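Fold and geometry: a report
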Amino acid sequence: LTIAITAFQVQSGGHTTSRAFSSTTGAHISLNGFRSIEYRLSSQTVTFGTGLTWDPIYYALLEYGRMMGSARVEGVGVGGVTLHGGLLPFALEYWY
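Residues numbered from 1 in each chain as written. Predicted model: local features only at pLDDT ≥ 70, side-chain atom pairs only at ≥ 80, totals over all residues. Heavy atoms only, no water.

**A closer look at the overall build of the chain**
For the chain, the count of helices and strands is 3 helices and 4 strands. Tracing the chain from N to C terminus, the helices and strands come up as β-β-β-β-α-α-α. In the chain, buried positions account for 28% of the 96 residues. Put simply, 24% of the contacts in the chain that link residues at least 6 apart link residues at least 24 apart. As displayed, the chain has an accessible area near 7,000 Å², and 59% of this comes from carbon and sulfur atoms. (Helix = DSSP H or I, 4+ residues; strand = E, 2+ residues; numbered from the N terminus. Buried < 20%, exposed > 50% of the residue type's maximum accessible area, 1.4 Å probe, protein only. Contact = heavy atoms within 4.5 Å. Areas by Shrake-Rupley, 256 points an atom, 1.4 Å probe, with all protein chains shown as cover.)

Here it is, written out as structure tokens:
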């Protein structure tokens, strides 16, 4: 039995799909297939996949007159903001 140590990167929705911008030269694991969005009106909760960027989530919630805090610009991946945070769209105006 041997153990191989291989560098890898897991990419969520991502800012870019170009491997040239990857932080590793090893395996690139994409979560792009996890792209579902489900809004539950009864509980007013949303469930969404980590392969998305925030844009489609914003537009899906607007159909219900709802919004949620996340990234300030378009094209930002769900996973990155969820794991390490970011500035919410109205954070500078209301919280800082």
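**Notes on the environment of arginine 35**
Structurally, the position occupied by arginine 35 is in the loop between strand E2 (27-30) and strand E3 (37-40). By relative accessible area, arginine 35 is classed as partly exposed at 45%. For the pair formed by arginine 35 and threonine 50, sequence separation is 15 residues and the distance between their alpha carbons is 6.8 Å. Only 3.0 Å separates the side chain of arginine 35 from the backbone oxygen of glycine 51, close enough to count as a polar contact. (Polar contact = N/O pair within 3.5 Å; in protein donor to acceptor, adjacent residues only side chain to side chain.)

**Notes on the packing of aromatic side chains**
The final tally for this structure, using the stated rule, is 2 aromatic pairs. Here phenylalanine 48 and tryptophan 54 contribute two aromatic rings whose centre-to-centre distance is 5.3 Å and whose plane-to-plane angle is 65°, an arrangement assigned as edge-to-face. Classification of phenylalanine 48 by relative accessible area gives partly exposed; the value is 24%. (Phe/Tyr/Trp six-rings, centres within 6.5 Å; stacked < 30°, edge-to-face > 60°.)

**So, unusual backbone geometry**
In this model, glutamine 44 sits at a positive phi of 50°, which is unusual for a non-glycine residue. Within the element layout of this structure, glutamine 44 appears in the loop between E3 and strand E4 (45-48). Note on glutamine 44: relative accessible area 49%, which makes it partly exposed.

**As for the pairing of E3**
Residues in a regular strand point their side chains to alternate faces of the sheet. Bridging between E3 and E4 involves 4 bridges; their strand directions are antiparallel. Each residue of the ladder has a partner; that of arginine 40, found in E4, is threonine 45. Two successive antiparallel strands, E3 and E4, enclose a turn made up of 4 residues, where glutamine 44 displays a positive phi of approximately 50°. (Pairing = 2+ DSSP bridges.)

**Regarding the nonpolar core**
The biggest cluster of nonpolar side chains holds 10 residues, and these are Tyr39, Leu52, Trp54, Ile57, Tyr58, Leu61, Ala71, Val76, Val78 and Val81. Sorting the residues of this core by element identifies helix H1 (54-62) and helix H2 (78-84) as the ones contributing at least two each. A per-element tally of this core places H1 first, with 4 residues. Non-local contacts of valine 78, meaning those with residues more than four positions away in its chain, are made with Ser12, Phe48, Gly49, Thr50, Leu52, Thr53, Trp54 and Ile57. (Core = buried A, V, L, I, M, F, W, Y, C linked by side-chain atoms within 4.5 Å.)

Just geometry here; none of it tells us what the structure is for.
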